[in-house]
Amino acid sequence: MDTFSKLGSMLLHALETREPTVDLLESFVDHWKSITNYYIETTDDSRPVRQTDIPWCLRQMLDILVYEEKQQVEHTGPCLEYLLEHKLLETLCTLGKAQYPPGMVQQVFLFFSKFLSQIQKPLLQLVNVYRPVQKLIGLCALPGSQTEKEEAQFLLVLCSRVKQDPPTLRYVLQILDQPAARISASDQSQPGTQPSNHRTEPPPPPSGQTESGLLSALLQLTRSPRAPVCLKAYHSLLLLSALQSESSGEILSERTQLGELLAGRLLELYSLLPLESLDPGEVQSWPHTPWSSQSSDHMTSFFSWLDFLDQLMREAPQVLAVKLAQCVHRFWLVDVLQPQLLQTCEQVVLVSTSVLCAAVRLVQSSSLMDQLVHFLLRTQTLTQLLLQRCDHISDQISLASLSLVDELLQKPHRDILDVLVLSFLQSRSYLSPPAAGQDDRYAESPEDSEDSEDSDGLDEDPFFSDSLLSDSQLLLHPPPPPPSPPPLSSGPPPPSGLGSAADVVNSFLCLVPVQVRSSQLLQEGGYESYVHDAHTQVTECRSLSLSWDWPLSLPPPSSGEVKEFFEGHLLKVLFDRLGRVLEQPYELNLKLTAVLSRLSSFNHLLLHEYLLNPYIHLSYCSRSLFSVLIRLMGELMQRIQQIPNLTDRLLNTRRDLLGLNHNTGLEHLTLLRGLVVLEEFCKELAAIAFVKLPLDRQ
């Protein structure tokens, strides 16, 4: 065969030195006749095609076509005209389909791939090109195929040509509405025109959606165990989906079943997950798995396909991205995940919640995130159930549900905060009428703040006797203000209410009584580390909300008949669990306080007032974050009386949590860990208030 190649090169060199037009055509026709004569003269139908001259003849024909095009820049050369007029591509498809001689289809795929990639003139709209291309697509991804490599290369080249000329998408998908005009013979001499006698007459338009052979073949090739084949199929689908012409997105979304096919593959991979044996923690924290990852592991396959869909929707035109996301919503979220979430089997609930948690964290496309948010927050029964499960009898389910909320709060989607929190605070009916009538500023002095708790009903709480409060006040010595963090981006400073901003910060710093503070016992990083972390989180939350057009002033309090305030399902469950922080598992408390810290970090005035202002006058039966903490401190002061050697036990507990020792006894362990979490949480809130409020640091 090397000898044949050398002879071919010599022949082309000789042709280039003579008058090219007639000799090139003659040589081209001779090579084609050599192929057809083989079928006339040969009777051995078992001889492989590689042992014949057919591959060499096809290469020579292609070389001639490429050379001719370089010489005939503005016109269609006679060799290309001969190929089209005599329907050589059709004949090659027929020979390839017949697999005669054996292996012929591989040679046909190779020829088409090189023909489409090396010939620069636009040809896909010609009937004598797109019809054989359609037929060759029909030979791709057949059961038991031995030519997946060549098929994937052919389809990738085809999709690349479509990207260069998006209107040809209709031709390769066999979706044509109107026949194109014939090209007249006189047009052949004009620059850029196509051959004269090749109509672009399309097949009749399909009725409704069609499952394109191209899309089905590509999807089938993504299942290939051969990584190069699989990746080429992925790239081909991305090329098609990313077409930005005016009609391409509409064609793919309305005239094909692309969305159904891609969502169906997601369901197929999800169905392979062994839900009964999966570790929910591993699923929930699953790392980003690039779509190019190839693995036989079912979890890797599922999340890599999810990443592929996410990437595809980020690059696709909006109309197509929305359609694909809607298919994922309908076929996976509603038909599969929702019934699993509604089950009573704890393992199934845990795994399905963890999968959702990972999906929310990993998804970046706005279209798919819209559908996830719609599914989680606009399905009333499901939304209430998921929030109720944040306070489930199973700590694992509670932790998974809180983690899902935490992931949602980190996504750039305005509806999340609006639905979960802000819609319930908008009326500001958590304020008592006197406070509501003072235009968001209060006339009392800091010394009167203790009396202001009367409106919260704390005077009737057994944990808040006068003696207890006065004793606590003697123990609370706020530290000096820490250094200022770097300035944040623009935004109005929230109103601080009673007293200075420093009063607000110190109110949180001084919540935990001195005798139960343990951080200073290990000489850990100072308050500056909390400020640094708070600054990072507040900056992240502010960047998320920059485009949400939040108001620059608080809405007026509700007037007329005061309705009983309801903080919303999320804040209710968070406050309820916060009140039990001394009796809950450590990991659950960490996640609970993390969610509350993130909510407090958003730069919405209602969130600041309700979560970070200790001095608001609460209406009857209302509570705020600060009031819940105050009650918790009252319970704390009673329960610490039961713990001997409190300081030493706290020090050992903190050292144990830091991995410095493992000698903490089991007695009162949950309570001691709750104390550590509570101290850290109050410092976090103080740091967040410090970052968000303009302090006088002179």
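About the criteria used
Residues numbered from 1 in each chain as written. Predicted model: local features only at pLDDT ≥ 70, side-chain atom pairs only at ≥ 80, totals over all residues. Heavy atoms only, no water. Helix = DSSP H or I, 4+ residues; strand = E, 2+ residues; numbered from the N terminus. Buried < 20%, exposed > 50% of the residue type's maximum accessible area, 1.4 Å probe, protein only. Contact = heavy atoms within 4.5 Å. Areas by Shrake-Rupley, 256 points an atom, 1.4 Å probe, with all protein chains shown as cover. Phe/Tyr/Trp six-rings, centres within 6.5 Å; stacked < 30°, edge-to-face > 60°. Axes fitted to C-alpha atoms, helices over the stretch in contact; angles between N-to-C directions. Parallel < 35°, antiparallel > 145°, perpendicular 65-115°, else oblique. Left-handed = near helix turned anticlockwise from the far one by under 90°. Nonpolar A, V, L, I, M, F, W, Y, C, P; charged D, E, K, R; others polar. Core = buried A, V, L, I, M, F, W, Y, C linked by side-chain atoms within 4.5 Å. Salt bridge = Lys/Arg side-chain N within 4 Å of Asp/Glu carboxyl O. 1 Å grid on protein atoms, 1.4 Å probe; cavity = no way out; pocket = protein on both sides within 12 Å on 5 of 7 lines; lining within 4 Å. Points joined across faces, edges and corners; volume = space filled by probe spheres on them. pLDDT = per-residue confidence, 0-100.

### Quick notes on the overall build of the protein chain
Okay, step 1: Each helix and strand counted, the protein chain has 32 helices and zero strands in total.
Okay, step 2: By the burial criterion, 53% of the 698 residues in the protein chain qualify as buried.
Okay, step 3: If you take every contact in the protein chain between residues at least 6 apart in sequence, the share linking residues at least 24 apart comes to 79%.
Okay, step 4: Accessible surface for the protein chain amounts to roughly 31000 Å². Of this, 52% is attributable to carbon and sulfur atoms.

### Section: the environment of Ile643
Okay, step 1: Along the chain, Ile643 falls in the loop between helix H30 (625-639) and helix H31 (646-657).
Okay, step 2: Setting aside its immediate chain neighbours within four residues, Ile643 contacts Arg649, His668, Leu671 and Leu672.

### Regarding the packing of aromatic side chains
Okay, step 1: Overall, the coordinates contain 25 aromatic pairs when judged by the stated rule.
Okay, step 2: Geometrically, the ring pair formed by Tyr430 and Phe565 is edge-to-face, given 5.4 Å between the ring centres and 75 degrees between the ring planes. Pair noted here: Tyr430 is in the loop between helix H21 (414-425) and helix H22 (433-436) and Phe565 is in the loop between helix H26 (527-545) and helix H27 (569-578), with a separation of 135 residues, a long-range link.
Okay, step 3: The buried category is assigned to Tyr430, whose relative accessible area is 0%.
Okay, step 4: With relative accessibility at 8%, the residue Phe565 sits in the buried group.
Okay, step 5: Arranged with centres 4.8 Å apart and planes meeting at 50 degrees, the rings of Tyr430 and Tyr610 form a pair that is tilted. Of this pair, Tyr430 sits in the loop between H21 and H22 while Tyr610 sits in helix H29 (residues 605-612), placing them 180 residues apart in sequence.
Okay, step 6: Given the relative accessible area of 0%, Tyr610 is considered buried.

### Concerning the packing of helix H8 (residues 148-164) against helix H10 (residues 213-221)
Okay, step 1: Here H8 crosses H10 at 130 degrees, and the two axes come no closer than 11 Å. One element, H8, and the other, H10, form an angle in the oblique class. As for the relative orientation of H8 and H10, their crossing is left-handed in sense. For the pair formed by H8 and H10, the contact residues are Glu148, Glu151, Ala152, Leu155, Leu158 and Cys159 on the first element and Leu214, Ala217, Leu218 and Leu221 on the second.
Okay, step 2: Residue classes in the contact of H8 with H10 are distributed as eight nonpolar, no polar and two charged.

### Focus on the nonpolar core
Okay, step 1: Phe115 and Phe154 are the most contacted members of the largest nonpolar core, which has 214 residues in total.
Okay, step 2: Among the elements that take part in this core, helix H32 (residues 669-692) stands out by supplying 15 residues, more than any other.
Okay, step 3: What Phe154 contacts, discounting residues up to four positions off in sequence, is Phe109, Phe112, Ser113, Leu116, Val133, Leu136, Ile137 and Cys140.

### So, the pattern of salt bridges
Okay, step 1: Scanning all chains against the criterion turns up 24 salt bridges.
Okay, step 2: Between Glu407 and Arg361 there is a salt bridge, and its shortest N-O distance comes to 3.8 Å. Placement of Glu407 in helix H20 (residues 395-408) and of Arg361 in helix H17 (residues 346-362) is noted, with a sequence separation of 46 residues between them.
Okay, step 3: Owing to a relative accessible area of 15%, Glu407 belongs among the buried residues under this scheme.
Okay, step 4: A relative accessible area of 25% means that Arg361 is categorised as partly exposed.
Okay, step 5: Residue Arg639 pairs with Glu583 through a salt bridge whose shortest N-O separation is 3.5 Å. Remark: Glu583 occurs in the loop between H27 and helix H28 (586-601) and Arg639 occurs in helix H30; sequence separation between them is 56 residues.

### Side note on empty space enclosed by the protein
Okay, step 1: Summed over the entire model, instances satisfying the criterion amount to seven cavities of 30 Å³ or more.
Okay, step 2: Taken as a whole, the largest cavity encloses approximately 80 Å³ of empty space.
Okay, step 3: Forming the boundary of the largest cavity are Leu376, Leu377, Thr383, Leu386, Leu387, Ser401, Leu404, Val405, Leu408 and Leu420.
Okay, step 4: Only helix H18 (366-377), helix H19 (380-388) and H20 provide two or more residues apiece to the lining of the largest cavity.
Okay, step 5: The leading source of residues in the lining of the largest cavity is H20, at four residues.
Okay, step 6: Considering only residue class, the lining of the largest cavity consists of eight nonpolar, two polar and no charged.

### Points about the confidence of the model for the protein chain
Okay, step 1: Residue-level pLDDT values for the protein chain average 82, and 79% of them are 70 or greater.
Okay, step 2: Contacts from residues 435-498, a stretch scored under 50 in pLDDT, to residues over four places away or in other chains number 103 contacts.

### Concerning H29
In an α-helix, one full turn covers 3.6 residues, which means residues spaced three or four apart are oriented alike.
Okay, step 1: Of all the eight residues making up H29, eight are buried; the element is thus mostly covered by neighbouring parts of the structure.
Okay, step 2: Those residues of H29 not exposed but buried are Leu605, Leu606, Leu607, His608, Glu609, Tyr610, Leu611 and Leu612.
Okay, step 3: Along its buried surface, H29 packs onto H21, helix H25 (501-509), H27, H28, H30 and H32.

### Focus: helix H4 (residues 78-85)
Okay, step 1: Extensive coverage of H4 is indicated by the burial of six of its eight residues.
Okay, step 2: Residues of H4 that are buried include every one of Cys79, Leu80, Glu81, Tyr82, Leu83 and Leu84, and no others.
Okay, step 3: Downstream of H4 by a residue or two, Lys87 has a phi angle that is positive, lying close to 55 degrees.

### A word on the packing of H20 against H28
Okay, step 1: The interhelical angle for the contact between H20 and H28, taken along N-to-C directions, is 25 degrees, at an axis separation of 10 Å. Taken together, H20 and H28 sit at an angle that is classed as roughly parallel. Taken as a pair, H20 and H28 cross one another with a handedness that is left-handed. Contacts from Asp395, Ser398, Leu399, Leu402, Ser403, Val405 and Asp406 in H20 reach Glu587, Leu588, Lys591, Leu592, Val595 and Arg598 in H28.

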